[in-house]
Each structure stands twice: as C-alpha cells, then as structure tokens.
Amino acid sequence: MKFLYLLLTRSTSLPSRLIGLFTSEPFTHISLAFDRELTVLYSFARKYPAIPLPAGLMEEHIDRGFYRKQGDIPCALLRIAVPEKIYFHAQTLVYNMLQRREDYTYSILGLLLCRMHISLDRPNRYFCSQFVGTVLAQSGALELPKPASLMHPFDFCSLRESGLELLYLGGLDGVRSA
C-alpha cells in the first residue's frame, strides 16, 4: 500500500477570505502530494505569490513561495491508502498534466458556478478541489459523492468513511515541523 496526501488550507489572502465568506467553511484551498513530507504539492493555484491571477497548475511548497508568506495558517492533512497501481496512476495523471501545464488554466467560472451548485466541466480548466477530485476519481483512489466540479476543499473532510484519514489539524507550522 502507498499513500496519497491532501493538504487543506485557509490563507489570509483576499481570494481565500472571499471564498471563506461565501462558503463559511474552514478551508478554502486543497493540494495533492505523493509523500508524507509534502515535498511537492500539486494544485491549481496562483502562479506568483503576490497576486492571485494568473493561476494554473502549480507545484507548491509549504516552506517557500506563497505558503512561506502566509505563516501559520489553519490546515488539515488527510491521507488515503491506495494500492501501488492506483498511486502510480494518480502520479501519472498529474505528471502528464505537468508536461503540458501551459495548456491548463484556472477555472474562475467553474469556481463561481461551484458555489452556486452548478457543475461545469471544461477541458483543461480546473480550480483546486476540482483538480484534486478529478485526479482521485480518475485514478480510482476515491469515489466522489458528487461531480469533481462541485467539490469544495472541505468536502474531502467528510469522506473519511471512504478511507480518507485525518492525520493533522492545526496550524501549518505543525505540518512544516513534522
């Protein structure tokens, strides 16, 4: 068995505060990692730490860039045990997307419609939780209760009966030092 890791966060950025205001949920962003150390996180996020747009498929790091500027923000770390075949399938999906990252963009419209419970799937356009949900569903790691385009970051916390395990809940500094 291998593990896939999900890091949920809520930053102090204006977009995060707005999303939090509309959803009233504790987390506004989600990333996927393939190791417990969270060496590299994958998500649809801002390309430059100082500004929210442009955004797209990004490699994130909890010890530099945007997260370093955020400090000890609230987070949750989840993991799911999967067979090696599914783990490598999820990795392949992400790595294939990274090979063509310029073809992918952030789905602002999808994010807005998600908040209104309207599903929108457009080729090569994702927001963070849609991306993570798509990778988990397409790899066979997790069956989603609704379309990936309707998944919020916090929705993944309610999937514990599906095998997601809460490893940590607290400030991001606790994940950094673990």
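In this report, the structure presented in the accompanying data block is examined. Note that this is a predicted model, so its numbers are computed, not measured.

So, on to the nonpolar core. Grouped together as the largest cluster of nonpolar side chains are 43 residues, with contacts concentrated most on Leu-4, Leu-6, Leu-32, Phe-131, Leu-136 and Phe-156. Broken down by secondary-structure element, the contributors of at least two residues to this core are β1 (2-9), β2 (29-33), β3 (41-48), β4 (51-60), β5 (74-82), α3 (84-99), α4 (108-115) and α5 (128-139). If you tally residues by element for this core, the top one is α3, at six residues. Setting aside its immediate chain neighbours within four residues, Leu-6 contacts Ile-30, Ser-31, Leu-32, Ala-76, Leu-77, Leu-78, Val-132, Leu-136, Phe-156 and Leu-164. In this structure, Leu-38, Phe-66, Ile-73 and Leu-77 belong to the second largest nonpolar core, which totals 13 residues.

A few words now on the sheet that holds β2. Across the sheet, six strands lie side by side as β4-β3-β2-β1-β5-β8; this open sheet has antiparallel pairing. The open sheet has two free edges, formed respectively by β4 and β8 (164-171), since each of these has just one partner strand. Within the sheet, the average angular offset between the axes of one strand and its neighbour, ignoring direction, is 30 degrees. Here β1 runs beside β5; their pairing, made up of eight bridges, is antiparallel. From the neighbouring strand, Leu-6 faces β5, where its bridge partner is Leu-78. Across the sheet, α5 lies against β1, β2, β3 and β4, angled at about 35 degrees from β2, the strand it touches most.

All right, on to the side chain of Gln-130 then. Along the polypeptide, Gln-130 turns up in helix α5. In this structure Gln-130 comes out as buried when scored by relative accessible area, which is 1%. Among the polar contacts made by the side chain of Gln-130, one reaches the side chain of Asp-121 at a distance of 3.2 Å. Gln-130 has contacts with Ser-107, Leu-120, Asp-121, Arg-125, Ala-148 and Ser-149, leaving out every residue within four places of it along the chain.

For the rest of this paragraph, the subject is the environment of Arg-100. Of note, Arg-100 is situated in the loop between α3 and β6 (105-106). Given a relative accessible area of 36%, Arg-100 falls into the partly exposed group. Residues Arg-100 and Cys-75, 25 residues apart in the sequence, show an inter-C-alpha distance of 29 Å.

Our next topic: the packing of α3 against α5. Where α3 contacts α5, the two axes come as close as 8 Å, and the packing angle between them is 135 degrees. Looking at the two axes, α3 sits oblique to α5. The handedness of the crossing between α3 and α5 comes out as right-handed. In this structure, α3 uses Ile-86, His-89, Ala-90, Leu-93, Val-94 and Met-97 to contact α5, whose residues at the interface are Phe-131, Val-135, Gln-138 and Ser-139. Here the residues of the contact of α3 with α5 are counted per class, giving seven nonpolar, three polar and no charged.

To continue, consider unusual backbone geometry. Across the junction of Leu-53 and Pro-54, the peptide omega takes the value 10 degrees, indicating a cis bond. Its location among the elements puts Pro-54 in strand β4. A positive phi angle, near 65 degrees, is found at His-117, a position not held by glycine.

Our focus in this paragraph is α4. Among the residues making up α4, those that are buried are Gly-110, Leu-111, Leu-113 and Cys-114. Just past α4, the residue His-117 takes up positive phi, approximately 65 degrees.

Looking at the largest pocket, its volume works out to about 790 Å³. Lining the largest pocket are 35 residues; nearest its centre among them are Pro-15, Ala-45, Arg-46, Pro-52 and Tyr-106. Partitioned by chemical class, the residues of the lining of the largest pocket number 20 nonpolar, eight polar and seven charged.

Rules and cut-offs
- Residues numbered from 1 in each chain as written.
- Predicted model: local features only at pLDDT ≥ 70, side-chain atom pairs only at ≥ 80, totals over all residues.
- Heavy atoms only, no water.
- Core = buried A, V, L, I, M, F, W, Y, C linked by side-chain atoms within 4.5 Å.
- Buried < 20%, exposed > 50% of the residue type's maximum accessible area, 1.4 Å probe, protein only.
- Helix = DSSP H or I, 4+ residues; strand = E, 2+ residues; numbered from the N terminus.
- Contact = heavy atoms within 4.5 Å.
- Pairing = 2+ DSSP bridges.
- Axes fitted to C-alpha atoms, helices over the stretch in contact; angles between N-to-C directions.
- Polar contact = N/O pair within 3.5 Å; in protein donor to acceptor, adjacent residues only side chain to side chain.
- Parallel < 35°, antiparallel > 145°, perpendicular 65-115°, else oblique.
- Left-handed = near helix turned anticlockwise from the far one by under 90°.
- Nonpolar A, V, L, I, M, F, W, Y, C, P; charged D, E, K, R; others polar.
- 1 Å grid on protein atoms, 1.4 Å probe; cavity = no way out; pocket = protein on both sides within 12 Å on 5 of 7 lines; lining within 4 Å.
- Points joined across faces, edges and corners; volume = space filled by probe spheres on them.

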